[in-house]
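# Observations on the model geometry
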There are 4 protein chains.
Amino acid sequence: MDLDALEADARSGLTRLAYDYYAGGADDELTLADNVAAWQRLRLRPRVLRDVSTVDISTTVLGAPVRMPVLVAPTAYQRLAHEEGERANARGTAAAGSLLIVSTLATVSLEDVAAAAPQAPRWMQIYLQKDKAINAELVARAAAAGYRALVLTVDLPVAGYRRRDERNGFTLPPGMTMANFGTRHPDLPHGGSGLAAHVVQELAANVTAADVEWLAGQSAMPVLVKGVLRGDDAADCVRAGAAGVVVSNHGGRQLDGAIATADALPEVLDAVGGDVEVYVDGGVRRGTDVVKALAMGARAVLIGRPAIWGLATGGAGGVQAVLDGFGEELERAMRLCGARTVAELTPDLLAR
Amino acid sequence: MDLDALEADARSGLTRLAYDYYAGGADDELTLADNVAAWQRLRLRPRVLRDVSTVDISTTVLGAPVRMPVLVAPTAYQRLAHEEGERANARGTAAAGSLLIVSTLATVSLEDVAAAAPQAPRWMQIYLQKDKAINAELVARAAAAGYRALVLTVDLPVAGYRRRDERNGFTLPPGMTMANFGTRHPDLPHGGSGLAAHVVQELAANVTAADVEWLAGQSAMPVLVKGVLRGDDAADCVRAGAAGVVVSNHGGRQLDGAIATADALPEVLDAVGGDVEVYVDGGVRRGTDVVKALAMGARAVLIGRPAIWGLATGGAGGVQAVLDGFGEELERAMRLCGARTVAELTPDLLAR
Amino acid sequence: MDLDALEADARSGLTRLAYDYYAGGADDELTLADNVAAWQRLRLRPRVLRDVSTVDISTTVLGAPVRMPVLVAPTAYQRLAHEEGERANARGTAAAGSLLIVSTLATVSLEDVAAAAPQAPRWMQIYLQKDKAINAELVARAAAAGYRALVLTVDLPVAGYRRRDERNGFTLPPGMTMANFGTRHPDLPHGGSGLAAHVVQELAANVTAADVEWLAGQSAMPVLVKGVLRGDDAADCVRAGAAGVVVSNHGGRQLDGAIATADALPEVLDAVGGDVEVYVDGGVRRGTDVVKALAMGARAVLIGRPAIWGLATGGAGGVQAVLDGFGEELERAMRLCGARTVAELTPDLLAR
Amino acid sequence: MDLDALEADARSGLTRLAYDYYAGGADDELTLADNVAAWQRLRLRPRVLRDVSTVDISTTVLGAPVRMPVLVAPTAYQRLAHEEGERANARGTAAAGSLLIVSTLATVSLEDVAAAAPQAPRWMQIYLQKDKAINAELVARAAAAGYRALVLTVDLPVAGYRRRDERNGFTLPPGMTMANFGTRHPDLPHGGSGLAAHVVQELAANVTAADVEWLAGQSAMPVLVKGVLRGDDAADCVRAGAAGVVVSNHGGRQLDGAIATADALPEVLDAVGGDVEVYVDGGVRRGTDVVKALAMGARAVLIGRPAIWGLATGGAGGVQAVLDGFGEELERAMRLCGARTVAELTPDLLAR
């Protein structure tokens with residue numbers, strides 16, 4: 001799989017506004033780069049002399065079987081990438097046997113995303129709104145539409161400063177709306193980064209562990225907390241009823257200088273890895289990165305930008321191709337590491 | 001905030017002599033570069049699940065309230081940057097709610113700087129002169145003009161070798177004088193670096209802790225010692241009556257190869273951080289750098305070059321814009337770190 | 001010796017398909033680069049005041065005397081590099097007093113390679129085939145043709161993803177065959193990397209320690225296991241009857257992100273270095289690299305690409321020149337380290 | 001001082017053969033680069049609040065007073081750099097109050113060098129010749145000509161492979177001879193590196209501690225051993241009667257990959273620093289490098305290439321200017337470090 005070529009291809013077909021929105025990070029993009037570099041810095045100690053004629057890359061995530069421990073991260077505004085937006089992503093992810101986490105800020109309603117791939121497992125990403133009634137309604141709709149878990153993003157009390165979006169005056173083009181909000185506030189503000197303004201206007205900056213508890217009580221769906229980079233915070237999430245955490249720095253788009261996720265993962269696993277499932281995203285670009293994350297103890301990884309480049313270049317088929325590529329790379333990497341199942345991806349595979 | 005673009009803009013409007021004077025460092029400019037890199041090397045462990053709907057970035061410095069823990073460092077000859085020089089800097093700093101440290105080597109007299117922003121807090125930077133009577137007079141004038149503290153610079157027994165200034169034959173253009181010296185020696189020598197020659201002719205190379213004591217006894221104003229990079233020296237300053245120290249390597253302009261200030265800060269804080277206020281300058285370019293410095297235990301940071309680029313491009317408004325930019329970045333970074341007040345910027349925010 | 005110039009020279013004379021096949025690595029070629037960098041990172045502590053007027057670089061490998069501890073690694077399809085392929089390599093290696101490890105995937109039959117340099121010591125590289133009868137036959141033929149050891153490669157249960165080969169549709173040109181397989185499957189599949197397809201079709205992915213034992217029982221020839229990067233695996237090999245191991249990551253062509261061989265070598269030596277001979281390949285480009293490997297405790301190093309560049313540019317003479325170059329560099333490096341024999345290449349020569 | 005500019009200037013006036021001879025290193029020039037980088041990696045912890053109005057940079061070396069702890073390293077064939085060669089170097093070094101170590105491979109006889117600056121202290125560099133009678137004669141002549149010490153170079157049992165010299169067919173141009181050898185073998189061989197061939201033909205490769213003893217017994221002059229990078233070797237030298245050692249890797253010209261001298265110095269000082277004087281050369285380019293070396297405990301540093309660039313561009317005056325530049329930089333650096341004498345350059349000045 002050649003993700004660099006795929007990104008270049010996607011870039012050539014996207015508006016600058018759209019490409020920059022997906023590709024960019026906060027401030028000096030130090031964390032954006034470090035996320036990728038941190039996986040690459042890790043070295044593997046492959047095992048040989050194992051019978052790897054049959055390798056099984058499948059796993060379960062919160063009990064749901066998936067073909068591979070590579071899920072699709074929630075990313076907003078996917079119709080910027082492809083006419084069919086989240087619908088195509090859902091179909092492609094389903095075809096690859098993976099699981100899509102649908103962003104609250106989707107440009108297709110959560111019900112329509114569900115309808116696009118009704119049989120596939122799906123999780124709903126949630127931001128705490130200033131008006132909690134909106135969340136209550138979204139949760140009810142997600143439950144009704146067969147979503148199986150909620151992924152509460154907690155690292156966006158304010159938007160990171162994304163220079164590219166400011167420069168581009170990032171907003172949604174005519175005809176594209178935040179479809180989950182109906183007629184309430186479907187558009188993004190204009191002038192500077194519309195997303196940054198939206199966050200200030202609509203999202204809560206006072207999310208605490210009590211809100212995790214509140215959200216967990218709104219439905220039978222388990223709640224994952226996304227955006228955790230510390231063991232103590234992860235433990236707080238678990239105490240508040242979270243079924244797991246996603247180690248994430250929002251793809252380097254929020255706090256620039258935040259620790260790379262590959263560097264933060266061990267601390268979080270130490271704190272709660274024995275109790276709940278721990279996921280990680282940020283900079284995962286290769287099957288070997290998946291091996292590294294799972295060898296540390298992660299349940300699965302989430303990919304964001306790679307799926308978007310697939311979506312942009314090939315719609316559902318493009319997403320599926322990227323996931324299949326990860327699956328193929330993971331299977332090969334596991335064979336080359338002497339691991340037949342994801343359970344055999346153990347810490348001794350990592351040097352030092 | 002895009003300081004790189006601002007500097008480029010400033011550069012295009014300045015003479016080479018002026019730009020080089022501000023931008024340059026000593027010898028091979030190793031420390032100049034390392035100051036910036038040292039902050040960037042540090043990684044943050046942001047906290048989530050805190051109520052950061054209200055964030056207060058204000059603090060006090062030697063008891064004086066300021067809107068943010070970002071002060072303006074003393075830099076010389078500001079009329080090289082802007083027609084109004086230190087006057088504009090004072091107005092811009094005051095408008096941003098920050099505090100200006102006025103250089104003895106100002107091109108506007110300390111009284112005129114004070115008059116430009118009479119209500120704002122201001123500190124006076126001091127070099128020990130060979131002729132201490134000059135210092136005594138300057139201190140008296142500063143006290144009379146409402147300055148609230150003295151900042152004694154102790155890392156200039158001789159000027160660092162600044163190749164750019166040597167090459168440019170750095171001196172003051174006609175009509176620009178060191179205004180605090182009246183008619184005594186208002187001009188810089190010509191040939192090579194005029195500043196270097198001035199230091200040799202006028203400044204004391206025998207400053208010791210006894211002089212800190214002497215200076216502290218000259219007025220009611222507290223004395224900060226600027227240019228300290230070691231714990232033992234900091235402790236000596238405190239014993240001599242200093243109200244605090246500024247961890248500084250003079251912006252990489254004196255001893256090339258000197259430790260970066262972000263690397264020296266912990267040692268100084270260990271030695272005296274519990275007793276007096278510790279400030280730091282050098283390479284601070286982002287709100288996240290301020291977070292890092294305060295998380296270590298610094299009281300506030302000083303910015304030098306960024307304020308100059310603001311001054312050069314926009315006078316008082318430019319200075320204010322830079323400070324407001326720092327304030328905005330700091331507030332955002334604190335939110336993203338889960339810190340509601342500067343007191344909540346604690347060491348656990350730093351990785352490793 | 002100037003291997004960079006030699007490689008450039010070889011490149012200009014080879015097809016892109018052939019050059020890329022030899023030069024390339026897996027995925028992002030991180031391990032390919034790290035292999036070279038890892039040797040370069042090591043620093044030597046040379047001894048002085050030793051009588052090094054006479055330096056002996058010779059050693060024995062599995063009891064066979066060789067002129068230097070630099071052997072020629074098994075590499076496939078050498079007629080891609082030079083009309084005479086493995087024949088020329090055998091002659092050149094013999095002329096230099098070194099030892100050739102002949103690849104199963106040679107484009108000249110193992111008997112013809114033997115005939116090209118009948119007096120020289122030679123070892124036969126083996127992949128476990130899905131059809132073990134093929135291995136049994138190859139072993140019998142190798143024994144009959146005077147090969148002295150078997151080198152079982154165990155890091156290829158599947159081929160690494162080599163982007164260059166995929167792009168080039170790597171396969172053998174008309175008239176070139178895998179000569180050891182007679183008419184059974186002499187050609188590589190077409191489309192994508194033919195080698196990758198061949199591996200899937202023909203090679204076993206279930207090689208275990210039991211197969212090492214099986215192979216050791218097939219002939220009187222000792223068996224080295226190649227592709228080991230961990231102490232525990234090396235110990236397993238020894239328990240299974242291996243006469244030694246080759247620390248190798250297949251030249252960075254299999255698992256990208258695998259630990260560099262210079263970094264893996266100490267662990268393997270700790271585990272089995274006292275019991276069996278340990279070899280290493282990957283990134284060895286200088287006589288000083290040989291010194292470093294032997295100072296750690298390796299018996300000898302294997303060179304792969306350098307020999308191919310010699311072969312491509314000068315046939316047998318080119319191979320000899322490269323080996324002579326290594327010998328000359330090694331002798332000089334030993335002199336400069338104060339070591340008169342390879343036994344005097346001790347761990348204290350390495351810094352830290 | 002701008003040594004980069006000086007080198008560029010020198011380069012433009014020299015033949016490629018001459019420039020490459022001075023500038024180049026062995027093999028991949030890793031150690032050549034690391035020598036410079038190793039000093040730059042070290043960070044200083046300057047002291048403030050010291051009376052540095054008077055700074056004394058002078059010291060003694062083996063009892064001889066010199067104006068600064070910066071001596072001129074032995075380098076060969078100086079008439080390649082300047083018509084007057086070693087004569088000019090001797091005059092320039094004397095004018096600067098420093099000390100010249102004259103190479104056995106000088107292009108001016110040791111007596112003529114002595115006559116060029118009769119009052120200045122000078123040491124004679126020695127290679128052990130295969131024919132020890134030559135050494136005995138050279139020592140007697142050196143004693144007669146007022147040399148005060150012998151510097152025995154022990155890291156050249158064979159010449160390092162210097163690609164540039166091989167490519168240039170390094171030899172002496174017509175009319176230039178190794179003047180200390182009279183008519184015995186005044187010329188260098190032709191073809192490849194003439195120096196490398198000369199070493200093989202004339203120099204001993206079996207120098208041991210016994211030869212140090214032997215040399216020490218040949219005259220009343222103390223013997224320094226140059227080319228030591230290890231504590232155990234240094235201790236051997238002292239036991240054999242050496243008055244000190246020079247930590248050196250021959251300017252990166254011998255064993256490529258050898259530890260940088262700044263990294264080797266502490267070990268040697270630990271072993272013998274309390275007993276004898278320890279000198280260091282390699283990569284010293286700034287007054288701050290001198291500070292670092294002396295802070296570790298070195299008695300003085302030797303500069304090689306910088307003096308040659310001075311010689312090439314300005315003859316005696318050029319050498320003096322470079323040394324004066326080092327003196328000026330050292331004095332400034334000491335002031336900025338709070339050190340009034342070289343005795344005050346203590347280990348606490350180095351970070352970590």
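I will try to describe carefully the structure that is included in this document.

How each quantity is defined
Residues numbered from 1 in each chain as written. Chains lettered and ligands numbered in written order. Predicted model: local features only at pLDDT ≥ 70, side-chain atom pairs only at ≥ 80, totals over all residues. Heavy atoms only, no water. Helix = DSSP H or I, 4+ residues; strand = E, 2+ residues; numbered from the N terminus. Rg over C-alpha atoms; globule rule 2.2 N^0.38 Å. Buried < 20%, exposed > 50% of the residue type's maximum accessible area, 1.4 Å probe, protein only. Areas by Shrake-Rupley, 256 points an atom, 1.4 Å probe, with all protein chains shown as cover. Lys, Arg positive; Asp, Glu negative; His and termini not counted. Charge placed at Lys NZ, Arg CZ, Asp CG, Glu CD. Core = buried A, V, L, I, M, F, W, Y, C linked by side-chain atoms within 4.5 Å. Contact = heavy atoms within 4.5 Å. Buried area = accessible area lost by both parts, 1.4 Å probe. Salt bridge = Lys/Arg side-chain N within 4 Å of Asp/Glu carboxyl O. Axes fitted to C-alpha atoms, helices over the stretch in contact; angles between N-to-C directions. Parallel < 35°, antiparallel > 145°, perpendicular 65-115°, else oblique. Left-handed = near helix turned anticlockwise from the far one by under 90°. Nonpolar A, V, L, I, M, F, W, Y, C, P; charged D, E, K, R; others polar. Polar contact = N/O pair within 3.5 Å; in protein donor to acceptor, adjacent residues only side chain to side chain. Disulfide = S-S within 2.5 Å. Phe/Tyr/Trp six-rings, centres within 6.5 Å; stacked < 30°, edge-to-face > 60°. Least-squares fit on C-alpha atoms with pLDDT ≥ 70 in both. Pairing = 2+ DSSP bridges. Right-handed = clockwise from strand over helix to strand, strands pointing away. Expected span 1.5 Å × (residues − 1). Arc of directions from axis to C-beta.

## Looking at the overall build of chain A
The secondary structure content of chain A amounts to 13 helices and 10 strands. Taking 20 Å as the expected radius of gyration for a compact globule of 352 residues, we find that chain A reaches 19 Å, a close match to that expectation. Judged by the C-alpha coordinates and their principal axes, chain A covers about 60 × 45 × 40 Å. Counting only residues that meet the buried cut, chain A has 65% of its 352 residues in that class. Accessible surface, chain A as shown: approximately 10,900 Å² in total, 49% of it carbon and sulfur. Each charge sign in chain A was given a centre, from 34 positive and 42 negative side chains, and these centres are 3 Å apart.

## Digging into the nonpolar core
The biggest cluster of nonpolar side chains holds 499 residues, and the ones touching the most others in it are Tyr 77 of chain A, Tyr 77 of chain B, Tyr 77 of chain C together with Tyr 77 of chain D. It is helix H13 (residues 305-337) of chain C that provides the largest number of residues to this core, a total of 15 residues. With near-sequence residues (within four places) excluded, Tyr 77 of chain A lies in contact with Tyr 21, Tyr 22, Glu 86, Leu 105, Ala 106, Thr 107, Phe 170, Leu 172, Met 178, Leu 188 and Leu 195 of chain A.

## Thoughts on the interface of chain A and chain C
Taken residue by residue, the interface counts 25 residues in chain A and 32 residues in chain C. Note on chain A versus chain C: buried area summed over both sides is about 2,600 Å², and carbon and sulfur give 57% of it. Three residues, Arg 43, Leu 49 and Leu 336 of chain A, lead the burial of chain A against chain C; their summed loss comes to 28% of the area buried on that side. Put simply, chain A and chain C have six salt bridges between them. In this structure, Glu 267 of chain C and Arg 45 of chain A form a salt bridge, with 2.4 Å as the shortest nitrogen-oxygen distance.

## Overview of the packing of helix H10 (residues 231-239) of chain D against helix H11 (residues 261-272) of chain D
All names here are of chain D. Relative to each other, H10 and H11 sit at 40 degrees, their axes nearing to 8 Å. Looking at the two axes, H10 sits oblique to H11. When the axes of H10 and H11 are compared, the crossing they make is right-handed. Contacts between H10 and H11 pair Gly 231, Ala 234, Ala 235 and Val 238 from the former with Glu 267, Val 268, Ala 271 and Val 272 from the latter. Of the residues assigned to the contact of H10 with H11, the class counts are six nonpolar, one polar and one charged.

## Examining the side chain of Thr 107 of chain B
Residue and element names in this part refer to chain B. Within the secondary structure, Thr 107 is located in the loop between strand S4 (100-102) and helix H5 (110-116). Within the local environment of Thr 107, its side chain forms a polar contact with the backbone nitrogen of Gln 78, the two atoms lying 3.5 Å apart. One polar contact links Thr 107 to Glu 86, side chain to side chain, over a distance of 2.8 Å. Filtering out sequence-adjacent residues up to four positions away, Thr 107 remains in contact with Tyr 77, Gln 78, Arg 79, Glu 86, Met 176, Thr 177 and Ala 179.

## Structural notes on the state of the cysteines
What the rule picks out here adds up to zero disulfides over all chains. With no disulfide of its own, Cys 337 of chain D lies closest to Cys 237 of chain B among cysteine sulfurs, the gap being 16 Å.

## Quick look at the interface of chain D and chain B
With 25 residues of chain D in contact, the opposing surface of chain B contributes 32 residues. Buried area between chain D and chain B, both sides added, is near 2,600 Å², and the carbon and sulfur share of it is 57%. At the boundary of chain D with chain B, the tally comes to six salt bridges. Asp 28 of chain B is the salt-bridge partner of Arg 286 of chain D, the closest N and O atoms lying 2.8 Å from each other. Where chain D packs against chain B, one counts 13 residue pairs in polar contact (both at pLDDT 80 or more).

## A look at the packing of aromatic side chains
Counting across every chain of the model gives 28 aromatic pairs over all chains. Between Tyr 19 of chain B and Trp 309 of chain B the ring centres are 5.4 Å apart and the planes differ by 25 degrees, which places this aromatic pair in the stacked class. Placement of Tyr 19 of chain B in helix H2 (residues 16-23) and of Trp 309 of chain B in helix H13 (residues 305-337) is noted, with a sequence separation of 290 residues between them. This pair shows no difference in class: Tyr 19 of chain B is buried, exactly as Trp 309 of chain B is. Ring centres of Trp 123 of chain C and Tyr 279 of chain C lie 5.8 Å apart, and the angle between their planes is 85 degrees; this geometry places the pair in the edge-to-face category. In this pair, Trp 123 of chain C is assigned in strand S5 (residues 122-126) and Tyr 279 of chain C in strand S9 (residues 277-281), connecting sequence segments 156 residues apart. The exposure class of Tyr 279 of chain C is buried, given its relative accessible area of 0%. One aromatic cluster in this structure is built from Tyr 19, Tyr 21, Tyr 22, Tyr 77, Phe 170 and Trp 309 of chain A.

## As for the relation of the copies chain D and chain B
It takes a turn of 90 degrees to lay chain D on chain B, together with a shift of 0.1 Å along the axis; the resulting RMSD is 0.0 Å. Such a combination of rotation and displacement between the chain copies is what one expects of a four-fold axis. Proximity to the rotation axis, assessed at the C-alpha, singles out Arg 41 of chain D in chain D; its C-alpha lies 11 Å from the axis.

## Some details on helix H4 (residues 85-95) of chain B
Note: α-helices contain 3.6 residues per turn, so residues at a spacing of three or four share the same orientation. Residues and elements named next belong to chain B. Inspection of H4 places Gly 85, Glu 86, Ala 88, Asn 89, Ala 90, Gly 92 and Thr 93 among the buried residues, and these make up the whole buried set. Buried residues along H4 sit in contact with strand S3 (70-72), S4, H5 and H13. Directly beyond the C-terminal end of H4, a positive phi value near 80 degrees is found at Gly 97.

## Overview of the pattern of salt bridges
It is possible for side chains bearing opposite charge to pair when their charged atoms get close. In total, this model carries 116 salt bridges over all chains according to the counting rule given. The partner of Asp 20 of chain A in a salt bridge is Arg 16 of chain A, with the nearest N and O atoms 3.4 Å apart. In this pair, Asp 20 of chain A and Arg 16 of chain A both sit in helix H2 (residues 16-23), four residues apart, roughly one turn of the helix. Residue Arg 16 of chain A is classed as exposed on the basis of its relative accessible area, which comes to 54%. The network of salt bridges with common partners includes Asp 2, Arg 286 and Glu 329 of chain A together with Asp 28 and Arg 163 of chain C.

## Quick word on the environment of Ala 10 of chain B
Residues and elements named next belong to chain B. Position of Ala 10 among the secondary structure elements: in helix H1 (residues 3-13). In sequence terms Ala 10 and Gly 310 are 300 residues apart; their C-alpha atoms lie 7.7 Å from each other. Every residue in contact with Ala 10, bar those within four places of it in the chain, is listed here: Trp 309, Ala 312 and Thr 313.

## As for the pairing of strand S8 (residues 244-247) of chain D
Residues and elements named next belong to chain D. The alternating pattern of S8 places Gly 244 and Val 246 and Val 245 and Val 247 on opposite faces, both of which are buried. As paired strands, strand S7 (residues 223-228) and S8 are joined by four bridges and run parallel to one another. The residue bridging Lys 226 from the neighbouring strand is Val 246, located in S8. This β-α-β element, S7 to H10 to S8, shows right-handed connectivity. Here S8 runs beside strand S9 (residues 277-281); their pairing, made up of four bridges, is parallel. When the sheet's bridge partners are listed, Val 245 is paired in S9 with Val 278. Where the polypeptide runs from S8 across H11 and back to S9, its parallel neighbour, the crossover connection is right-handed.

## Concerning H11 of chain D
Residues and elements named next belong to chain D. Look at H11: 16 Å from first C-alpha to last across 12 residues, which is about the 16 Å you get at 1.5 Å a residue. For H11, the full list of buried residues reads Thr 261, Ala 262, Ala 264, Leu 265, Val 268, Leu 269 and Val 272. When H11 is viewed along its axis, its buried side chains cluster within an angular range of 140 degrees and face the same direction.

## Digging into unusual backbone geometry
With a phi angle near 50 degrees, Leu 62 of chain A is a residue other than glycine that sits in the positive phi range. By the element assignment, Leu 62 of chain A lies in the loop between strand S1 (59-61) and strand S2 (64-66). A relative accessible area of 27% means that Leu 62 of chain A is categorised as partly exposed. We note that Asp 27 of chain D has phi near 50 degrees; this positive angle belongs to a residue other than glycine. Along the chain, the position of Asp 27 of chain D falls in the loop between helix H2 (16-23) and helix H3 (30-41). Looking at Asp 27 of chain D, the relative accessible area reads 10%, which means it is buried.

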